[in-house]
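# Examination of the molecular architecture
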Amino acid sequence: MNWHKLSIPEIFELLSTNQQGLSAIAAEEKLLQAGPNELQEGKKKSLVIMLLAQFKDVMILILLAAAIIAGIVGDLTDTIVILIIVLLNALLGFFQEFRAEKAMKALKQMAVTQARVMRDGSINWLSATALVPGDIVLLEAGNAVPADLRIIESTNLKIEEAALTGESHAIDKITDALKADDLQIGDKKNMAFKGTFVTYGRGIGVVTTTGMQTELGRIAKMLQEDETLTPLQQRMISFGKKLSVMVLFLCILFFIAGWLRGEDITKMVLTSISLAVAAIPEALPAVITISLALAARRMIKFNSLIRKLPAVETLGSVTYICTDKTGTLTKNKMHVEELFVNGHLYNREDLSSLKQQKEVVLLLQAFALNNDAIEDKNKHIKGDSTEVALMEVAREQNIQPDTWPRLKEIAFDADRKMMTTFHAHENKFISFTKGAPDILLKRCLNIDLPILQQQVDNMASKGHRVLGFAYRYWDTLPENPDSETFEVGLQFLGLASLIDPPRDEVIDAVAQCKTAGIVPVMITGDHPLTAKTIAQRIGILSSDKDMVINGQQLAALDSDSFLAKVEKIKVYARVSPEQKLLIVKTLQQKGHYVAMTGDGVNDAPSLKKANIGIAMGITGTDVSKEAAHMILLDDNFSTIVKAVKEGRRIYDNILKFIKYMMTTNSGELWTLLLGPIIGLPVALLPIHILWINLVSDGLPAIALSYEKAEKDIMSRPPRPPQQSVFANGKGLHMIWIGMLMAGIALSLQGWAINHGLHWQTIVFNVLCLSQLGHVLAIRSEKESLFSIGVFSNKPLIGAVLLALMLQFSITYIPFFQPIFQTESLTMKEFVLVVSVSSLVFFAVEIEKLVSRKRRVSITKATFV
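### Observations regarding the overall build of the protein
Helix and strand counts for the protein come out as 33 helices and 25 strands. With 864 residues in all, the protein has 54% of them scored as buried. The contacts of the protein with a sequence gap of at least 6 include a subset with a gap of at least 24, amounting to 72%. Taking the average location of the 89 positive side-chain charges in the protein and that of its 88 negative ones, the two points are 6 Å from each other.

The following block contains the structure:
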């Protein structure tokens, strides 16, 4: 319903109400029809369902089955260890999900508890939940708006709608009907919306919609949409399914082959369990969670607070950053850029050399005197952002507002768009008038109106807000000045253009984004011209092909047309919450990973739907913060770029420890599968595999998350969202290094059996030490360990030493030997184990050397 287009009598007729308000009986009937004026939550999962959902993963089910079968055949140690692992993983997932969803609760808390309502011709305080369409609500400064209202009376009424529009300046409210159809919230100047705040004046409104039908309610509905899975979550789900199918196939195949050969059934069951345990990286979910938590703690140093852990790795895959303008790209502070005075256009910096000109001095006096901003005890200027900017210019030129006290004034109002103040000056009185140039210029004498109007248009075309200034001398001070008498016959003084300028560091941050293959896009509630100016200045708009579009133009596009254009549009102005959500969904439909920034309630649905929602820590509402994955503590775009770099680093490191852990699992699998085929006994027990996968693997894997960023981390494009964790040769590396580990282990097993040595303990230790050599070699994808520095990741060196110490403990301390089925190795056996285990380290270093030489050859060939 376009309530803003209807006249007040039409509104009253449609809602069956009048100036005296509804009767109590009519209000009760309407309450039964419309329901209470409150936001409704969607269906919530019970805690039990949330916990049980953690066990639906196929890999977890395979481990549970392995634990049960191990218990049945009498291997209780393995059963207990496997069940502990499964339970810990489930609890980690449960607590993450339990903490994740609070946005709806924060939205409900924005509801107003009490409102002043006219019913049966008398004013009453009522609970806001009891409001119905047709109620007459009285508003004054300090009130929160309790429902969506059509304004029917306004006395200098100003409402701050930042929560819904993202723009911090208060909107002057009017009562006239508006003609346009598809206006955005910020342009509906005769409406007030639930969840916004009255900052000035007073007014009366008639309730048009309540509860979930309000603008705030529409946002609440959008918040109930499902969140998007992160890149790693998607890849790990896909990886888990494939791995589970492979594990089941191998176990069944192995069991059938052994059974056909006449092997002992119990032995084959235990070996099949060993295979399942060997193939599944039990520690991987916990290692990823712990690594993300460590990264989240580090990111606080970059003013980035991570609310949802998967957001850390999502940053590494971001291809689009959709960012708000005000306060994120800009300083959120109006700034006077240009002045037109004495027929010339000047930059602000030129003022000091012009102070001898009378008109310049008078213009600066007008800045200071026709101004409601005040200076606090700390010399900070407080007030409307435009007036603060004007006062700052005057103060820079040593013009003080208290030199000519204000004697009378004609207050600003939204209809005439002007303000006049009167002051004593040189035995006379002077009035300064400030206002919209299109109105003020018509009140001035002896001016060339077309030329001045062209100047106004030129300044406005840069996206600047333009104010006009004029003055007039009076012989006597008027008693009750009015606009018709005292805002005419004015002498034109000059024009001032203002803009919220870009942050100093943003230009470099935008350039870094582009170098890193990330497309920055501006989404703002501001005017398209202003948005375009800022976007050009900071480099978001850098080509003729880059498009600027407003909300009305976007609404006119059908789905296919928008899908075709979405990658060319770099600036969106005056867009609605639904359109922000549409932008995110359309970019995702194109295969992009989208980061979205926002601070208002209107941003919450798109923040939640984005691959990573980024809320503002300073200006952000509680609703936006709860819906977001990450909070910028300094509201600064350049902080996002730092966070992306950190996200890429941690994602690189996650891929490293997936590569590390899966290579170890590959080595265990080949050892278990190939041993019996070549006539060797099963080399490892389930307890050995669990130890390798959890302790020997887990500790160094967590420490890998401390690895420093690769040199080219911000000069390469984002990882393609659909890219597998096995891409770029990682899968091949896992197979061949796993086979190398297995080849070394089985060769040593055969040799040890022939020489009567402790063969099972030797194989166990060879696999453990081989993987510790492997983790040192894969610290960098390209560089040698010796070029990046052995001790450049001290936590990893510490983890390797700790893993060695623990391995020696279970090998040599008698208490652990029966639990882990180990025997003490002789010095000869120990030296042999260490020597052959180091082969894996040197093999990986040679692999990287060959790869480096190949890249150099390709680069040379490209240039030739």
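### With respect to the side chain of E387
Mapped onto the elements of the fold, E387 is located in helix α14 (residues 385–396). Judged by its relative accessible area of 10%, E387 falls in the buried class. The residues touching E387, leaving out its near neighbours within four places in the chain, are N370, N371, D372, A373, M419 and K434.

### Some details on empty space enclosed by the protein
With the rule as written, the count across this model stands at one cavity of 30 Å³ or more. Taken as a whole, the largest cavity holds about 40 Å³ of empty space. Surrounding the largest cavity, G316, R648, Y651, D652, R716, P717, P718 and R719 form its lining. Per-class residue counts for the lining of the largest cavity are three nonpolar, one polar and four charged.

### Section: the nonpolar core
Among the nonpolar cores identified, the biggest contains 128 residues, and I321 and F637 are the most heavily contacted of them. The element best represented in this core is helix α25 (residues 637–677), accounting for 17 residues. Among all residues touching I321, those that are not within four sequence positions of it are C513, I518, V519, P520, V521, A595, F637, I640 and V644. M334, L362, A389 and I430 belong to the second largest nonpolar core, which has 33 residues in total.

### Considering the packing of helix α13 (residues 358–369) against α14
Relative to each other, α13 and α14 sit at 130 degrees, their axes nearing to 8 Å. Taken together, the axes of α13 and α14 are oblique relative to one another. α13 and α14 meet at a crossing whose hand is left-handed. Where α13 approaches α14, its residues L364, F367 and A368 are matched on the opposing element by L390, M391, V393 and A394. When its residues are assigned to classes, the contact of α13 with α14 shows seven nonpolar, no polar and no charged.

### Here's the deal with the sheet that holds strand β23 (residues 594–598)
Spatial ordering of the open sheet is given by β8-β25-β24-β23-β9-β20-β22-β21, a layout of eight strands whose pairing is mixed. The sheet is open, and its two edges are formed by β8 (304–306) and β21 (547–550), each paired on a single side. Recorded for the sheet is a direction-independent mean angle of 20 degrees between the axes of neighbouring strands. Looking at chain direction, β8 and strand β25 (residues 630–632) are connected through three bridges and run antiparallel. Bridge pairing links S304 to L632 in β25. Helix α22 (residues 577–589) contacts β9 (320–323), β20 (519–524), β22 (569–573) and β23 of the sheet and is inclined by roughly 165 degrees relative to β23.

### A closer look at the packing of helix α28 (residues 730–754) against helix α29 (residues 759–777)
With their axes 9 Å apart at the nearest point, α28 and α29 run at an angle of 150 degrees to one another. By the angle between their axes, α28 is roughly antiparallel relative to α29. Note that α28 runs across α29; the crossing there is right-handed. Taking contact as the criterion, the partners of H733, I737, M741, I744, A745, L748, Q749, A752 and I753 in α28 are, on α29, W759, I762, V763, V766, L767, S770, Q771 and H774. Of the residues contributing to the contact of α28 with α29, the split by class is 12 nonpolar, five polar and no charged.

### Quick notes on the confidence of the model for the protein
Here the protein shows a mean pLDDT of 86. Residues at 70 or above account for 93%. Across residues 100–104, confidence stays below pLDDT 50; counting only partners more than four residues off in sequence or on other chains, it has 16 contacts.

### Some remarks on the pairing of β20
For β20, the tally of buried residues reaches five of six residues, placing the bulk of the element in the interior. With four bridges joining them, β9 and β20 adopt parallel strand pairing. Among the inter-strand pairings, T323 is bridged to a residue of β20, identified as M522.

### Quick word on the packing of aromatic side chains
Under the criterion given, the structure shown has 12 aromatic pairs. Between Y471 and Y473 the ring centres are 5.8 Å apart and the planes differ by 85 degrees, which places this aromatic pair in the edge-to-face class. Y471 gets classed as buried once you look at its relative accessible area, which sits at 13%. Measuring from centroid to centroid gives 5.1 Å for W691 and F820, while their planes differ by 75 degrees, and the two rings are edge-to-face. Separated by 129 residues along the polypeptide, W691 in helix α26 (residues 686–696) and F820 in helix α32 (residues 817–820) bring together distant segments of the chain. Ring pairing ties together the aromatic residues F422, W474 and F486, which thus form one cluster. Positioned above the aromatic ring of Y200 is the side chain of K158, whose terminal nitrogen or guanidinium carbon lies 5.8 Å from the ring centre.

### Describing helix α19 (residues 528–538)
Along α19, the positions that sit buried rather than exposed are T530, A531, T533, I534, A535 and I538. Structurally, α19 contributes buried residues whose contacts are with β19 (490–499), α18 (506–515), β20 and β22. G539, located one to two residues past α19, shows a positive phi value of around 95 degrees.

### Looking at unusual backbone geometry
If you check the backbone angles, N303 has positive phi at about 65 degrees while not being a glycine. Mapped onto the fold, N303 is located in the loop between α11 (284–299) and β8. Assessed through its relative accessible area of 32%, N303 is described here as partly exposed.

Cut-off values and rules
Residues numbered from 1 in each chain as written. Predicted model: local features only at pLDDT ≥ 70, side-chain atom pairs only at ≥ 80, totals over all residues. Heavy atoms only, no water. Helix = DSSP H or I, 4+ residues; strand = E, 2+ residues; numbered from the N terminus. Buried < 20%, exposed > 50% of the residue type's maximum accessible area, 1.4 Å probe, protein only. Contact = heavy atoms within 4.5 Å. Lys, Arg positive; Asp, Glu negative; His and termini not counted. Charge placed at Lys NZ, Arg CZ, Asp CG, Glu CD. 1 Å grid on protein atoms, 1.4 Å probe; cavity = no way out; pocket = protein on both sides within 12 Å on 5 of 7 lines; lining within 4 Å. Points joined across faces, edges and corners; volume = space filled by probe spheres on them. Nonpolar A, V, L, I, M, F, W, Y, C, P; charged D, E, K, R; others polar. Core = buried A, V, L, I, M, F, W, Y, C linked by side-chain atoms within 4.5 Å. Axes fitted to C-alpha atoms, helices over the stretch in contact; angles between N-to-C directions. Parallel < 35°, antiparallel > 145°, perpendicular 65-115°, else oblique. Left-handed = near helix turned anticlockwise from the far one by under 90°. Pairing = 2+ DSSP bridges. pLDDT = per-residue confidence, 0-100. Phe/Tyr/Trp six-rings, centres within 6.5 Å; stacked < 30°, edge-to-face > 60°. Lys NZ or Arg CZ within 6 Å of the ring centre and 35° of its normal.

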